Amino acid sequence: MGVQRYMLGKGGKRKFDEHEDGLEGKVVSPTDGPSKVSYTLQRQTIFNISLMKLYNHRPLTEPSLQKTVLINNMLRRIQEELKQEGSLRPVFITTSQPTDPLGDNFREAQPAFSHLASPSIHPTDFVSTTPLESCLTPASLLEDDTFCTSQTVQHDGPTKLPPPAIQPVKDSFSSALDEIEELCPTPTSTEAVAVAAAAAAAAAEDSKENSSESNIQKPEGVQESRTSESKLMDSLPGNFEITTSTGFLTDLTLDDILFADIDTSMYDFDPCTSATGTASKMAPVSADDLLKTLAPYSSQPVTPNQPFKMDLTELDHIMEVLVGS
Amino acid sequence: MAGVAGGGGGGNDFQWCFSQVKGAIDEDVAEADIISTVEFNYSGDLLATGDKGGRVVIFQREQENKSRPHSRGEYNVYSTFQSHEPEFDYLKSLEIEEKINKIRWLPQQNAAHFLLSTNDKTIKLWKISERDKRAEGYNLKDEDGRLRDPFRITALRVPILKPMDLMVEASPRRIFANAHTYHINSISVNSDHETYLSADDLRINLWHLEITDRSFNIVDIKPANMEELTEVITAAEFHPHHCNVFVYSSSKGTIRLCDMRSSALCDRHSKFFEEPEDPSSRSFFSEIISSISDVKFSHSGRYMMTRDYLSVKVWDLNMENRPVETYQVHEYLRSKLCSLYENDCIFDKFECCWNGSDSAIMTGSYNNFFRMFDRNTRRDITLEASRESSKPRAILKPRKVCTGGKRKKDEISVDSLDFNKKILHTAWHPTENIIAVAATNNLYIFQDKIN
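A few points on the structure. Every value quoted in this text rests on a predicted model; they were computed, and no experiment measured them. Per chain, residues are indexed from 1 in the order of the written sequence. Key to labels: chains lettered from A, ligands numbered from 1, both in the order written. Selection of residues for local features in this predicted model requires a pLDDT of at least 70, selection of side-chain atom pairs for listing and counting requires 80 or more, and totals for whole chains, interfaces and linings are taken over all residues. Excluded from the side-chain calculations are hydrogens and water; all other atoms, namely the structure's heavy atoms, are used.

1. Describing the nonpolar core
- Judged by nonpolar contacts, the single largest core of 37 residues is most densely connected at B:Phe285, B:Tyr309, B:Leu333, B:Tyr341 and B:Ile346.
- Of all the secondary-structure elements, those providing two or more residues to this core are α2 (35–56) and α3 (65–85) of chain A together with α1 (286–290) and α2 (337–342) of chain B.
- In terms of residue count, α2(A) provides more of this core than any other element does, seven residues in total.
- Contacts are assigned to residue pairs with any non-hydrogen atoms lying within 4.5 Å of each other. In contact with B:Tyr309, not counting residues within four places along its chain, are B:Ile289, B:Ser291, B:His330, B:Leu333, B:Leu337, B:Leu340, B:Cys345, B:Ile346, B:Asp348, B:Phe350 and B:Tyr366.
- What is meant by a nonpolar core is a set of buried Ala, Val, Leu, Ile, Met, Phe, Trp, Tyr and Cys residues, joined one to another through side-chain atoms within 4.5 Å. Exposure is judged per residue with a 1.4 Å probe applied to protein chains only, and the accessible area is read against the type maximum: over 50% gives exposed, under 20% gives buried, and values in between give partly exposed. Core analysis: the next-biggest nonpolar cluster, separate from the first, contains 19 residues, B:Trp16, B:Phe18, B:Val437 and B:Ala439 among them. Secondary structure counts use DSSP, requiring at least four H or I residues in a row for a helix and at least two E residues in a row for a strand, with both numbered from the N terminus.

Take a look at the structure:
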């Protein structure tokens, strides 16, 4: 539900902000010269927000189909636009595993990215306090076999729903406000901040396109290569049913995923468990996404985040019936 | 200060006053107490509310008291019952919310009152009846209910009816379950008073009120491949007079009118209402804000009204290509759509309602504001449902949102609006100028001022 109590800071004076206009105000056509950048940033931000909405929501009840459809349409529209523009440039804000003990692997990939960005800005700074759920790229969560168990939930979730992931991102945005002043002189709104962050990412990634390609051979390579991105763009998952369509990461083999040491404790959904107990369990988005694309169930309209749950609970039921318990 | 008139008149100088407020004053609102639907019955004597906790509370209007002419019939609690309980879908490992999505009254046919209430999956027909007498002097059982030995009975007597304290009982008479895979968003009683429809995201079913084990599917927009799904049903309603006609709205801002006489499956509409998009106001959020959250026929049956995120539109059923009237509810939010998308407010489903004579319409907004539009004078007013203006018979002061530039006194700026205080559900008495406004967990009742 609503995250903020008020639109902006309570009682704070608002300054006229040209950049806010660029994000939300008038229609900016992609063909306008100098405003092309802000249109692209606007689009990127919305794309990121949409993805986060789809993949970070972990409700106890079925998510609204209307909402899912509208967000999906938004993503598809942006995807179409990007395809038409002919450039499959990276659209994801770079994310990291800030608390991951195996972060070394990730940081290894960083240098290609960071040295091209303005030195005072490091993308990981933006999301340094971001919990796992707000990572935007499912690919980034595939750190060998630790993606399920190593991450701790960084927030004390409310009893029913975990707070929308955008919240902690904003906190880190505001803390990095000084750093991005260069890019965005008057970031008085969170949107402007998000735009600036996206700008930093986009600017860096633009240059990255010219650098050498990095392939996702190992799962922990968060810096998506253009090839994997194009696959990502091509196969925006159908969120309504589990399908066997090409998944995010064709470089991974089935074995990596299916037989990896997966901690399934969170999927033991006990209706008697208190809601807090449920909320404190972890939510590896990536596992859901992968299994969704690989699972054989295609007939039931299951929500995108529950396929694995359904598989296991179904199996449990079947086992119970067979054992006769 | 001129307000918006309703009822028989229209256009006169008119003011709304506070009448009553129901609900706890506590700042800490329990989620279960949040009101999720409000509905007057056909006479306006009964007012039903449903909440997120699955409860239904019915208020009854007191008879007018000649010694107190100002309190023109207050609404007091008549009956409270638990309509729906939370359930668990074992197949999907998900909870089914007990939240009451809609309540619809049936026209009264005898002393008892009937209403339909629905959550996401199950519709229930409730009978609310009064009991003010009880029988005494049974032959086969004692006063405390124990059965008497039939061999001991030597004489017969006729039981006598004795008065007792009024008791209002609610009992579920029918349970219409297992017909919806997706979440029910609307129910609508037909003018034949025998059938009703229930609509979920992808299907609409037709029921007979007496039959619970069968329903007819009359609309199905589920694609063969769910990945191709781009549009859902958002609301549906039967025509108030033509029992074969109903409309349903979609998430793409379209309304389809269907005639059940044309075919059993009404997948092909008879009329298709859509306003062409204004290219100058196109944005990323155009589709989302065009999604229709509510559709209501006028009492006359000649018009229908739709509510999308920023506006209310009145359509003439004879003109499909554009609405005849458009009213801006909170246009100042257009520049905030990205933030509202971020915090999910853009998905809020506001309802709308007509007054008894169809001369005025009402809908809710944020910050506990609600808006009324007079269709004849084209005047509009913004009022607030707040505890501050809750003195008995206090006249409501019009509110104004400052959109930019210098903020005048008494105006509130867009950035100070409380987006957690949303008025999604409002209802207008069928014949008089009495309105019920649900503000989170409180129900406000306002009346026109008696001069």
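2. Digging into the pairing of strand β23 (residues 325–328) of chain B
Residue and element names in this part refer to chain B.
- Going residue by residue along β23, you find Glu-325 and Tyr-327 tucked away on one face and Thr-326 and Gln-328 left uncovered on the opposite face.
- Strand pairing requires that DSSP identify at least two bridges connecting the strands. The pairing of strand β22 (residues 311–316) with β23 spans four bridges and is antiparallel. Note on β23: the bridge partner recorded for Val-314 is Glu-325.

3. Points about α3(A)
Residue and element names in this part refer to chain A.
- Each residue after the first adds 1.5 Å to the expected span of a helix. Over its 21 residues, α3 extends 30 Å from the first C-alpha to the last, a length consistent with the 30 Å expected when each residue adds 1.5 Å.
- The N-capping residue of α3, defined by a side-chain oxygen 3.4 Å from the backbone nitrogen of Gln-66, is Ser-64.
- Of the residues flanking the end of α3, it is Gly-86, one or two places downstream, whose phi is positive at about 85 degrees. In protein, a polar contact means a hydrogen-donor-capable atom and an acceptor-capable atom, both N or O and within 3.5 Å, with residues adjacent in sequence counting only if both atoms are side-chain atoms; elsewhere, any N or O pair within 3.5 Å suffices.

4. Regarding the packing of aromatic side chains
Residues and elements named next belong to chain B.
- For this analysis, a ring pair means two rings from Phe, Tyr or Trp (six-membered ring only for Trp) whose centres lie within 6.5 Å, classed as stacked if their planes differ by under 30 degrees, edge-to-face if by over 60, and tilted for the remaining angles. What the rule picks out here adds up to 20 aromatic pairs over all chains.
- Relative to Tyr-75, the ring of Phe-40 has its centre 6.0 Å away and its plane inclined at 70 degrees; by these criteria the two rings are edge-to-face. Remark: Tyr-75 occurs in strand β5 (residues 75–82) and Phe-40 occurs in strand β2 (residues 35–40); sequence separation between them is 35 residues.
- Judged by its relative accessible area of 8%, Phe-40 falls in the buried class.
- The class for Tyr-75 is buried, based on a relative accessible area of 0%.

5. Some details on the sheet that holds strand β30 (residues 425–428) of chain B
Residues and elements named next belong to chain B.
- Here four strands make up an open sheet; going across it, the order is β1-β32-β31-β30 and the pairing antiparallel. The sheet terminates laterally at β1 (16–22) and β30, the two strands that pair on one side only. Going across the sheet, the axis of each strand differs from the next one's by a mean of 20 degrees, ignoring polarity.
- Of the strand pairs in this sheet, β1 and strand β32 (residues 442–448) are connected by six bridges, and their pairing is antiparallel. When the sheet's bridge partners are listed, Trp-16 is paired in β32 with Asp-448. Interaxial angles span 0 to 180 degrees and are taken between N-to-C directions of axes, which are lines fitted to C-alpha atoms, for helices over the stretch in contact.

6. Side note on the side chain of B:Glu231
- Summarising the element assignment, B:Glu231 is placed in the loop between β15 (211–220) and β16 (233–238).
- Here the side chain of B:Glu231 touches B:Ser250 through a polar contact of 2.7 Å, side chain to side chain.
- Separated by 3.3 Å, the side chains of B:Glu231 and B:Thr254 make a polar contact.
- Here B:Glu231 is in contact with A:Val69, B:Leu202, B:Ile221, B:Ser250, B:Ser251, B:Lys252, B:Thr254 and B:Arg256, once residues within four sequence places are set aside.

7. Let's talk about the pattern of salt bridges
All names here are of chain B.
- Salt bridge, as applied in this entry: a Lys or Arg side-chain nitrogen positioned within 4 Å of an Asp or Glu carboxyl oxygen. Counted by the stated rule, this structure contains 36 salt bridges over all chains.
- When the shortest N-O distance is used, the salt bridge between Lys-52 and Glu-31 registers 3.3 Å. On the criterion of sequence distance, the pair formed by Lys-52 in the loop between β3 (46–51) and β4 (55–61) and Glu-31 in the loop between β1 and β2 is long-range, its members being 21 residues apart.
- A salt bridge links Asp-294 to Lys-296, with the shortest nitrogen-to-oxygen separation between them at 2.9 Å. In this structure, Asp-294 and Lys-296 share a single accessibility class: buried.

8. Re the sheet that holds β4(B)
All names here are of chain B.
- Spatially, β2-β3-β4-β5 is the arrangement adopted by the four strands of the open sheet, whose pairing is antiparallel. Two strands bound the open sheet, and with one partner strand each, they are β2 and β5. Strand-to-strand twist across the sheet, computed as the mean angle between neighbouring axes with direction ignored, equals 20 degrees.
- The sheet contact formed by β3 and β4 spans five bridges and is antiparallel.

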